[in-house]
Amino acid sequence: MNIRTFSIGGIHPEENKLTHEAVTQVAALPKQAIFPLSQHIGAPAKPVVQKGDKVKVGTMIAEAGGFVSAPIFSSVSGTVFKIDTAIDATGYRKPVIIINVEGDEWEETIDRSDKLETVEAHPELTPEEIVTRIKNAGVVGMGGACFPTFIKLTPPPTAKAECVIINAVECEPYITADFRLMMEHADEILVGLELLMKGAKVTTGYIGIETNKMPAIELLTQKCAEKFAGSPYTVEVVPLKQRYPQGGEKQLVDAVIHRQVPAPPAIPVNVGAIVQNVGTAFAVYEAVMKHKPLFERYTTVTGKRLKNPGNFLVRMGTPMQDLIEACGGMPEGDNKLLAGGPMMGKALTSTEVPICKGTNSVTIISDDEARRKEPQPCIRCAKCVGACPMGLEPYLLAKLSEVKNWERAEHEDIVSCIECGSCQFTCPAHRPLLDNIRQGKATVMGIIRSRAAKK
Amino acid sequence: MGKLIVSLSPHAHGTDTVERNMYGVIIALMPALLVSFYFFGLGSVIVTATSVAACVFFEWAISKYILKQARNTVLDGSAVLTGLLLAFNLPSNLPIWIIIIGALFAIGVAKMTFGGLGNNLFNPALVGRAALLVAFPAQMTTWPKVGQLGSYLDAETGATPLSIMKEAIKSGDASVLDQLPSSLDLFLGNHPDGAGAMGEICAIALLIGLAYMLWKKIITWHIPVSIIATVFIFAGLLHLANPAYADPFSVILSGGLMLGAIFMATDYVTSPMTAKGQLIYGVAIGFLTVVIRNWGAYPEGMSFAILIMNAFTPLINNYVKPKRFGEVPAKS
């Protein structure tokens with residue numbers, strides 16, 4: 001087996017995949033569903049319903065608020081209770097639509113059968129039609145970044161797509177939602193990949209999976225051989241060495257096709273690659289073939305102290321509290337509640353925050369692990385430099401941010417930081433490297449933007 | 001229900017700590033320490049104990065009473081390490097009061113003056129050694145012979161391999177080199193007439209320490225390998241040109257070269273931060289060591305070479321950058 005990986009830095013955090021074997025359960029419907037209007041990168045969606053309106057499962061409740069944006073669909077049937085604000089994953093109160101759940105009535109246009117649809121059976125699916133359906137179904141990147149999928153499929157004229165890479169790396173500790181999805185819906189994922197390739201007008205596809213998910217590698221390799229033999233498409237399942245942050249877009253492209261995406265503003269398609277999460281491929285299948293907009297997703301609910309951690313098919317808008325209760329309730333004492341995994345997840349200020357399009361995991365960190373250790377002086381051991389997957393010098397960027405030397409920070413490429421946290425994970429002195437770098441990066445990006453605006 | 005704790009990502013941390021690294025280096029020094037006890041006996045025990053105790057005391061006292069630091073760094077192992085490394089650079093018959101002065105220079109002048117752990121420009125143990133070498137040249141250049149287990153101040157001194165090499169170069173007479181122990185004996189520390197500093201008598205004990213530090217990922221290979229390789233090549237060329245220069249195997253196995261390359265030049269605080277920078281630093285140290293050993297006033301050049309390159313470390317850090325991800329050659 002030819003195992004590949006990315007070329008610079010990286011770390012090996014404790015795996016903690018507690019729910020690898022846990023077959024996905026369907027989560028119970030919430031009593032009330034909360035839909036933040038900003039669940040994606042770009043402009044917030046604009047509500048198209050009013051208080052008192054009746055909605056069904058799959059009814060559009062907010063339309064795209066701009067080009068880089070995505071519509072939002074109700075995941076429940078019932079009555080719009082109010083359009084208000086509520087605390088979301090950022091910790092701030094943001095505009096939301098709240099729906100009181102009554103029954104479970106779906107829009108008639110959605111095909112709820114399990115029948116596997118194939119691209120060959122649907123000649124009406126031109127690349128343009130595929131992209132339009134993906135756009136209208138509100139599909140965004142399901143790995144957490146939530147970038148609208150249709151934009152990635154229509155690259156700028158300066159770049160030419162050559163392949164689609166499916167990101168099934170799942171390098172974050174704890175999370176197993178993508179693994180379960182692959183084990184339970186491999187056929188649908190491959191049709192989704194075919195749709196993505198057709199939509200992007202390419203014939204080459206890759207599926208990158210880390211070797212801690214051997215059953216998925218074997219299953220997909222076999223299914224790919226069956227499905228794509230004799231077709232115009234070449235699809236390869238690429239086993240990857242376990243290493244964080246391999247699921248980062250740039251690292252994955254480097255690992256799979258050995259091309260490095262240049263510094264921002266370059267994006268993967270500048271080197272010919274369109275990267276889509278495996279969950280996105282599944283959502284694309286459902287959106288295009290089943291006319292089902294994006295309103296539910298696979299999410300892992302996990303934590304060392306949680307009684308019954310598991311994987312769930314969750315309707316979006318379900319408060320995390322409901323899922324935590326389903327897993328045996330919040331552990332005693334102080335905990336850290338994360339939307340996402342321990343490396344890049346956001347710590348939440350409330351258990352009422354709903355599951356959104358990008359919530360791949362609800363992770364609960366307990367006891368000593370929930371608190372940071374006291375920072376010590378930097379001993380200049382250079383381990384952060386060795387761990388940085390972008391070839392940066394985290395100790396220096398953190399220092400420059402502390403002393404507010406923005407000019408030098410820009411010169412040292414602070415905007416290339418992908419905020420993966422490898423430096424801070426590695427630091428023997430427990431220094432808050434990424435806290436400082438993040439602040440510096442935001443400031444420098446602001447300076448660059450205002451400079452561009454003046455021109 | 002308890003509180004929800006909130007902080008920015010990452011929420012996981014590796015198992016590495018400052019203490020783990022410092023005590024890891026101390027563990028790596030243990031084979032060489034045991035060898036020094038074995039060869040130099042009582043004197044070695046007294047010198048090591050004095051040096052470590054004095055370094056720890058100065059670190060604690062200066063941190064508490066002069067710098068008034070909220071967090072005293074005395075327990076992190078760095079002062080113990082400086083004490084051990086200073087002792088390894090000293091002759092085993094050095095009087096206690098001189099050792100204490102050395103420790104004061106190492107911790108007080110070289111480390112705490114700059115703000116303590118992580119802020120010093122020069123390697124503290126080497127500053128201590130250099131200060132003593134200037135202040136007490138007689139005591140610091142006479143070296144006890146091995147095997148006098150019960151003696152301390154009264155130990156009989158002898159010629160070190162380096163002083164023999166220096167003699168050969170001065171006289172231009174290659175036959176002087178016949179007095180050198182064989183390379184294998186230098187490697188194993190098996191030379192009964194040998195003399196030298198406590199930590200430099202047995203190369204294999206130091207190499208075991210290197211293997212341990214590489215295995216535990218405390219240091220990377222770049223600095224020790226680049227120093228030793230540079231010295232070997234440079235000394236080899238000189239030996240080929242003129243046999244009065246010792247053969248390269250004897251050169252890398254004698255004096256403080258292994259000790260310096262493995263334990264002194266790799267000091268985190270005073271060495272460059274990038275792999276490329278570390279290679280430049282290592283090659284320069286190797287080059288300077290051979291130059292000083294052959295054409296300088298002192299027989300040993302390792303510690304001065306490291307101190308000189310310590311001064312260049314900020315410059316190297318400034319100009320030598322790691323290869324950025326996705327870096328493409330600038331288009332004209």
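Residues numbered from 1 in each chain as written. Chains lettered and ligands numbered in written order. Predicted model: local features only at pLDDT ≥ 70, side-chain atom pairs only at ≥ 80, totals over all residues.

Draft legend 1. Region of the structure containing the overall build of chain A. Helix and strand counts for chain A come out as 13 helices and 17 strands. For 455 residues, the compact-globule estimate of 2.2 N^0.38 gives 23 Å, and the C-alpha radius of gyration of chain A, at 22 Å, lies within 12% of that figure. The burial tally for chain A puts 55% of its 455 residues in the buried class. Put simply, 73% of the contacts in chain A that link residues at least 6 apart link residues at least 24 apart. (Helix = DSSP H or I, 4+ residues; strand = E, 2+ residues; numbered from the N terminus. Rg over C-alpha atoms; globule rule 2.2 N^0.38 Å. Buried ≥ 20, exposed ≤ 12 C-beta atoms within 10 Å, placed from the backbone. Contact = placed C-beta atoms within 7 Å.)

Draft legend 2. Spotlight on the overall build of chain B. Of regular secondary structure, chain B possesses 13 helices and two strands. Relative to the compact-globule value of 20 Å for 332 residues, chain B shows a C-alpha radius of gyration of 21 Å, a close match. In terms of principal-axis extent, the alpha carbons of chain B reach across some 80 × 60 × 30 Å. Burial status across chain B gives 54% buried among its 332 residues. Counted over contacts in chain B with a minimum sequence separation of 6, partners at least 24 positions apart contribute 74%.

Draft legend 3. Just the sheet that holds strand S9 (residues 163–168) of chain A, in detail. All names here are of chain A. Overall, parallel pairing links the four strands, which are arranged S11-S10-S9-S12 in an open sheet. Every interior strand has two partners, whereas the edge strands, strand S11 (234–240) and strand S12 (273–277), have only one. Direction aside, the axes of adjacent strands within the sheet are offset by 25 degrees on average. Helix H5 (residues 214–228) contacts S9, strand S10 (204–210) and S11 of the sheet and is inclined by roughly 170 degrees relative to S11. (Pairing = 2+ DSSP bridges. Axes fitted to C-alpha atoms, helices over the stretch in contact; angles between N-to-C directions.)

Draft legend 4. Highlighting the packing of helix H11 (residues 257–264) of chain B against helix H13 (residues 302–319) of chain B. Residue and element names in this part refer to chain B. Two elements in contact, H11 and H13, have axes separated by 9 Å at closest approach and are oriented at 30 degrees. What the angle tells us is that H11 and H13 run roughly parallel. Contact with H11, carried on its side by Leu257, Gly260 and Met264, involves Met302, Ser303 and Ile306 of H13 and no other residues of that element. (Parallel < 35°, antiparallel > 145°, perpendicular 65-115°, else oblique.)

Draft legend 5. Local environment of the domain arrangement of chain B. All names here are of chain B. The domain boundaries assigned to chain B delineate domain 1 (19–139) and domain 2 (161–317). Taking only C-alpha atoms into account, the centre of domain 1 sits 21 Å from that of domain 2. Each partner contributes residues to the interface: domain 1 has 30 residues there, and domain 2 has 26 residues. Looking at the side of domain 1 that touches domain 2, the elements with two or more residues in it are helix H1 (18–66), helix H2 (78–88) and helix H4 (124–135). The biggest single contributor to the side of domain 1 that touches domain 2 is H1, with 14 residues. When its residues are assigned to classes, the side of domain 1 that touches domain 2 shows 20 nonpolar, nine polar and one charged. (Domains from an automatic or database assignment. Nonpolar A, V, L, I, M, F, W, Y, C, P; charged D, E, K, R; others polar.)

Draft legend 6. Representation of the packing of helix H1 (residues 127–136) of chain A against helix H4 (residues 186–199) of chain A in the model. Residue and element names in this part refer to chain A. Running from N to C, H1 and H4 cross one another at 115 degrees; their axes reach a closest spacing of 8 Å. With respect to the hand of their crossing, H1 and H4 are arranged in left-handed fashion. Residues Pro127, Ile130, Val131 and Ile134 of H1 touch H4, and the partners they reach there are Leu195, Lys198 and Gly199. Across the contact of H1 with H4, the residue classes break down as five nonpolar, one polar and one charged. (Left-handed = near helix turned anticlockwise from the far one by under 90°.)

Draft legend 7. How the structure looks around the nonpolar core. By size, the foremost hydrophobic cluster in this structure holds 242 residues, and its most contacted members are A:Ile165, A:Val284 and B:Cys55. Element by element, the count of residues in this core is highest for H1(B), at 18 residues. Look past the residues within four positions of B:Cys55 in its chain and what remains in contact with it is B:Ala79, B:Thr82, B:Gly83, B:Leu86, B:Ala103, B:Ala106 and B:Ile107. (Core = buried A, V, L, I, M, F, W, Y, C linked by C-beta atoms within 7 Å.)

Draft legend 8. Quick peek at H1(A). All names here are of chain A. Regarding H1, the residues found buried are Ile130, Val131, Arg133 and Ile134. One side of H1 carries all its buried residues, which in axial view fall inside an arc of 165 degrees. Contacts made by the buried residues of H1 are with helix H2 (149–153), H4 and helix H7 (278–289). Directly after H1, the chain includes glycine 138, whose backbone phi takes a positive value near 70 degrees. (Arc of directions from axis to C-beta.)

Draft legend 9. View of the environment of A:Ala168. Residues and elements named next belong to chain A. Counting through the fold element by element, alanine 168 comes out in strand S9. For the pair alanine 168 and proline 245, spaced 77 residues apart in the sequence, the C-alpha separation amounts to 12 Å. Excluding its chain neighbours within four sequence positions, the residues that come into contact with alanine 168 are Asp178, Met182, Ile207, Gly208, Ile209, Ala216 and Val278.

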